[in-house]
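Structural overview for review
The primary structure of each chain is shown beneath.
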Amino acid sequence: MRIIPFVLALSLAHPVAAQDVTQGEALFGFYCATCHGTSASGNGPMSPSLVVAPANLTRLAADNDGVFPTERVVMRIDGRDPLVSHGSMMPVYGDFFEGTDVATKAETGQPIMTSQPIVDLLAYLQSLQQE
């Protein structure tokens, strides 16, 4: 009998989710553009009132040695890695983006559990990356 390694078994149990860039763009426009701007460059209408300027989300990969920081982005959105922005934490959208739990791949190749809406946001943010 052949034994499947745990990591392979885990990845088979939780297939990587399909990403919907269009849905991610719609979610970004509704939840994120107020602070990050419609171009995701950090210049949204609320940005002047924040203690910490919103990140330029088009440079996430460039600012991380060319690798999109999937795990960090997921954890910032769902609240596992809080960020102080306007005297309090960045809004945690984990509750808004609840739904089907899915696995996506972190930049290390390891699976990370999140929700389908967050996977869609990831796809949209990845599509915006500039060098």
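Time to look at the overall build of the protein. Helix and strand content of the protein: 5 helices and 2 strands. Sequence-ordered secondary structure for the protein, helices as α and strands as β, is α-α-α-α-β-β-α. Taking all 131 residues of the protein together, the buried fraction comes to 35%. A separation threshold of at least 6 residues defines the contact pool for the protein, and within that pool the share at least 24 residues apart is 50%. Of the roughly 7,800 Å² of accessible surface on the protein, a fraction of 58% belongs to carbon and sulfur atoms.

Attention now goes to helix 4 (residues 70–78). Of the positions making up helix 4, those classed as buried are T70, V73, V74, I77 and D78. All buried residues of helix 4 project into a common sector of 115 degrees when viewed along the axis, lining one side. Among the structural elements, strand 1 (101–105), strand 2 (111–115) and helix 5 (116–127) are those in contact with the buried residues of helix 4. Count one or two residues on from helix 4 and you reach G79, which has phi positive near 95 degrees.

The pairing of strand 1 with strand 2 spans 5 bridges and is classified as antiparallel. Looking at strand 2, one finds that V102 is bridged to T114. Adjacent in sequence and paired antiparallel, strand 1 and strand 2 are bridged by 5 residues, among which G109 carries a positive phi angle near 95 degrees.

Let us look at the nonpolar core. By size, the foremost hydrophobic cluster in this structure holds 22 residues, and its most contacted members are F28, F68, V73, I77, F97, L121 and L125. If you list the elements that add at least two residues to this core, you get helix 2 (21–31), helix 4 and helix 5. For this core, the leading source of residues is helix 5, giving 5 residues. Among residues more than four places away in sequence, those in contact with F97 are L27, Y31, I77, S115, P117, I118 and L121.

Quick look at the confidence of the model for the protein now. When the pLDDT values of the protein are averaged, the result is 82; 79% of them are 70 or greater. Note on residues 1–15: pLDDT under 50 across the span, and 6 contacts to partners over four residues away in sequence or across chains.

Scanning the entire structure with this criterion turns up 0 disulfides. You can see C32 has no disulfide; the closest cysteine sulfur is in C35, sitting 8.7 Å from it. Take C35: its relative accessible area is 22%, and that puts it in the partly exposed class.

Turning to the packing of helix 4 against helix 5, a few remarks are in order. Between two packed helices, both the angle of their axes relative to each other and the distance between the axes serve to describe the pair. Relative to each other, helix 4 and helix 5 sit at 130 degrees, their axes nearing to 11 Å. One finds that helix 4 runs oblique with respect to helix 5. Relative to helix 5, the crossing made by helix 4 is right-handed. Contact residues: T70, V73, V74, I77 and D78 in helix 4; I118, L121, L122, L125 and Q126 in helix 5.

Another point: unusual backbone geometry. Even without being a glycine, A40 presents a positive backbone phi close to 65 degrees. Looking at the element boundaries, A40 is found in the loop between helix 3 (33–36) and helix 4. Here D65, not a glycine, exhibits a phi torsion of approximately 55 degrees, which is positive. The exposure class of D65 is exposed, given its relative accessible area of 78%.

The α-helix advances 3.6 residues per turn, and as a result positions three or four apart in sequence lie on the same side. Here helix 5 contains 12 residues, and its C-alpha end-to-end distance of 17 Å stays within 8% of the 16 Å for a straight helix at 1.5 Å per residue. Those residues of helix 5 not exposed but buried are P117, I118, V119, D120, L121, L122, A123, Y124 and L125.

How each quantity is defined
Residues numbered from 1 in each chain as written. Predicted model: local features only at pLDDT ≥ 70, side-chain atom pairs only at ≥ 80, totals over all residues. Heavy atoms only, no water. Helix = DSSP H or I, 4+ residues; strand = E, 2+ residues; numbered from the N terminus. Buried < 20%, exposed > 50% of the residue type's maximum accessible area, 1.4 Å probe, protein only. Contact = heavy atoms within 4.5 Å. Areas by Shrake-Rupley, 256 points an atom, 1.4 Å probe, with all protein chains shown as cover. Arc of directions from axis to C-beta. Pairing = 2+ DSSP bridges. Core = buried A, V, L, I, M, F, W, Y, C linked by side-chain atoms within 4.5 Å. pLDDT = per-residue confidence, 0-100. Disulfide = S-S within 2.5 Å. Axes fitted to C-alpha atoms, helices over the stretch in contact; angles between N-to-C directions. Parallel < 35°, antiparallel > 145°, perpendicular 65-115°, else oblique. Left-handed = near helix turned anticlockwise from the far one by under 90°. Expected span 1.5 Å × (residues − 1).

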